[in-house]
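# Secondary and tertiary structure notes
Here's the letter readout for the chains.
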Amino acid sequence: MASSSSTAREPRALSRERRAGSRAASPQPRPGTRVRRQLSTSPWLFAAPGLLVVGAFILYPFVSTVINSFTDRRTLIPGAFVGLANFRELLHDEMFWTALRNSTLYVLGVVPALVLLPLLLALLVQKNIPGIAFFRSAFYTPVVASIVVVGLIWVWLLDERGLVNALLEAVGAGKVGFLSDQWLLLLSAMAVTVWKGLGYYMIIYLAALANVPRELHEAAAVDGAGAVRRFLTVTVPAVRSTMVLVGALSSVAAFKVFSEVYLMAGPDGGPAGEDTTLVMLVQRTGTGLTGRVGYASALSVVVFVVTVALMLLVLRADRKEDA
């Protein structure tokens, strides 16, 4: 009986040894492996919502627009591939060249004003004097105001029966067609854009001016430099990078202008459509039941290429000055 019980225990002992050997042979995870794996995936989990938003509302529409620019798609018709036909049509479209001219003139008229005037405004409100907070708030109020409200106010002011023409008649001058003349309408829209953007870029310049050492102005004053000389030799070089940033932002915004001209000139773009901008042309061409989505997409691609080229030109000019 003893021999039979001992023989029964031997297989059990062998099975225990085999299980122990298999545990010893299998690699055991190191203490920090799981934590390290979790840390490597955590950034992607945090970035996933933002990436989904960017992909759904920026990347997908951009890719879809580029694809549609090579088709003859309409609002209710899928369309077929037409290659570069839409871009060739642009070259023979008089309205496209009119819109391109107006958008270019808008950049040339608005950008210099939005680069220089907010800087002068920031220098005025930078000083800590009694009541300066009121003026800072007043200058920034147009920024937070709705562009629709701002446009309607300026239309009311500049209309033939508006306040400005009423004052001109009161002093014996004739009426001025601010909203009926092609060039005066474009200049009026530029004035609205500059007026609304002054406060926004003023805040950017205030942040840059706060980092300019006061000792530089004091040293220039000791050397006999006046206010204008200190502005040109101390302030402008100190905020030059900010001026480049403002120039890039304002040039892109000016080239893509829509609301100001649309509200003041109407959906037709002023007299005979002569004040139509590129973004207005995109909106007019691609909307409605018979909208030419393919042609409007080609226009949008041109707007994108030109805005990127504007930013590159501004950055290239900045690099040349650094060299």
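It should be emphasised that the depicted structure is a prediction, and the values quoted were computed from it without experimental measurement. (Residues numbered from 1 in each chain as written. Predicted model: local features only at pLDDT ≥ 70, side-chain atom pairs only at ≥ 80, totals over all residues. Heavy atoms only, no water.)

## What about the overall build of the protein chain?
Under the convention used in this document: For the purposes of this entry, the term helix denotes a DSSP run of H or I that reaches at least four residues, the term strand denotes a run of E that reaches at least two, and both are numbered from the N terminus. Throughout, exposure labels follow a simple rule: accessible area from a 1.4 Å probe, protein chains only, divided by the maximum for the residue type, with under 20% read as buried, over 50% as exposed, and the rest as partly exposed. Should any heavy atoms of two residues lie within 4.5 Å, those residues are counted as being in contact.
Along the protein chain, the regular secondary structure elements total 14 helices and 0 strands. Listed N to C, the secondary structure of the protein chain is α-α-α-α-α-α-α-α-α-α-α-α-α-α in terms of helices and strands. Taken over 323 residues, the protein chain has a buried fraction of 32%. Intrachain contacts of the protein chain at a sequence separation of at least 6 include 68% that bridge at least 24 residues.

## Regarding the nonpolar core
Put simply, the rule reads: Within this scheme, the nonpolar core is defined by two criteria: the residues are buried Ala, Val, Leu, Ile, Met, Phe, Trp, Tyr or Cys, and they are joined through side-chain atoms within 4.5 Å.
Y106 and M264 are the most contacted members of the largest nonpolar core, which has 55 residues in total. Excluding residues that lie within four positions of it along the chain, M264 makes contacts with W154, V155, L158, L179, L185, S188, A189 and V192.

## Quick look at a nonpolar patch on the surface
As a reminder of what qualifies: Any residue with relative accessible area above 30% and no salt bridge may belong to a patch, with like charges joined within 9 Å and the nonpolar Val, Leu, Ile, Met, Phe, Trp and Tyr side chains within 5 Å. Note that accessible areas follow from Shrake-Rupley with a 1.4 Å probe, and for residues the cover is restricted to the protein chains shown. We define a salt bridge as a contact between a side-chain nitrogen of Lys or Arg and a carboxyl oxygen of Asp or Glu at a distance within 4 Å.
Together, L59, F62, V63, I67, F304, V305, V308, L312 and L315 give the surface a local cluster of nonpolar side chains, amounting to about 790 Å² of exposed area. Broken down by secondary-structure element, the contributors of at least two residues to the nonpolar patch are helix 2 (33–68) and helix 14 (293–322). Looking at the nonpolar patch element by element, the count peaks at 5 residues for helix 14. Residue class for L59 comes out exposed when judged on its relative accessible area of 51%.

## A closer look at the pattern of salt bridges
Under the criterion given, the structure shown has 3 salt bridges. Residue E169 is joined to K175 by a salt bridge in which the shortest nitrogen-to-oxygen separation is 3.9 Å. A relative accessible area of 45% places E169 in the partly exposed class.

## As for the packing of aromatic side chains
Here is the rule we go by: Centres within 6.5 Å are what make two rings of Phe, Tyr or Trp a pair, Trp counting through its six-membered ring; a difference in plane orientation under 30 degrees is then read as stacked, over 60 as edge-to-face, and the rest as tilted.
One pass over the structure, following the stated rule, counts 7 aromatic pairs. Seen from their ring centres, F96 and W97 are 5.2 Å apart, and the 65° between their planes marks the pair as edge-to-face.

## Examining the side chain of S250
Under the convention used in this document: Polar contacts here mean pairs of N or O atoms no more than 3.5 Å apart (in protein, one a potential hydrogen donor and the other a potential acceptor; neighbouring residues in sequence count only if both atoms are side-chain atoms).
As for its placement among the helices and strands, S250 is situated in helix 11 (residues 240–255). Here the side chain of S250 touches V246 through a polar contact of 2.7 Å, landing on its backbone oxygen. Not counting residues within four places of it along the chain, the set of residues in contact with S250 comprises V111, L114, V115 and Y201.

## Topic: the environment of S188
Relative to the helices and strands, S188 is located in helix 8 (residues 182–209). A relative accessible area of 7% places S188 in the buried class. Taking the C-alpha atoms as reference, S188 lies 9.5 Å from V155; in sequence the two are 33 residues apart. Not counting residues up to four positions away in its chain, the partners in contact with S188 are L158, F178 and M264.

## Comments concerning the confidence of the model for the protein chain
Test applied: A score between 0 and 100, pLDDT records how confident the predictor is in each residue.
Looking at the protein chain, the pLDDT average stands at 85 and 87% of residues meet or exceed 70. Low confidence marks residues 1–9, where pLDDT is under 50. Its contacts with residues over four positions away, or in another chain, come to 0 contacts.

## Concerning the environment of A254
Turning to its location among the elements, A254 is positioned in helix 11. C-alpha separation for the pair A254 and T104, spaced 150 residues apart in sequence, amounts to 8.6 Å. Apart from residues lying up to four places away in sequence, A254 is in contact with Y106, V107, V110 and V111.

## Overview of unusual backbone geometry
One non-glycine residue, A272, lies in positive phi territory at about 60°. For A272, the position within the fold is in the loop between helix 12 (259–265) and helix 13 (278–286).

## Topic: helix 8
Since one α-helical turn is 3.6 residues long, residues separated by three or four positions face the same way. Stated precisely, the cut-off is as follows: A helix is expected to reach a length of 1.5 Å times the quantity of its residues less one.
Here helix 8 spans 39 Å end to end across 28 residues, near enough to the 40 Å set by a 1.5 Å rise per residue. Sitting at the amino-terminal end of helix 8 is D181, which places a side-chain oxygen 3.1 Å from the backbone nitrogen of W183.

## Digging into the packing of helix 4 (residues 94–125) against helix 11
Operational definition: What counts as an axis is a line fitted to C-alpha atoms, over the stretch in contact for a helix, and the angles between N-to-C directions run from 0 to 180 degrees. Helix crossings get a hand from a simple test, with the near helix turned counterclockwise from the far one by less than a right angle marking a left-handed crossing and a clockwise turn marking a right-handed one. For this classification, the nonpolar set comprises Ala, Val, Leu, Ile, Met, Phe, Trp, Tyr, Cys and Pro, the charged set comprises Asp, Glu, Lys and Arg, and every other residue, Gly included, is treated as polar.
The contact between helix 4 and helix 11 brings their axes to 8 Å, and the two run at 150°. Two packed elements cross with a definite hand, and for helix 4 against helix 11 that hand is right-handed. Every residue of helix 11 that contacts helix 4 at L100, S103, T104, Y106, V107, V110, V111, L114, V115 and L119 is listed here: M243, V246, G247, S250, S251, A254 and F255. Each residue belonging to the contact of helix 4 with helix 11 can be placed in one class, and the counts come to 12 nonpolar, 5 polar and no charged.

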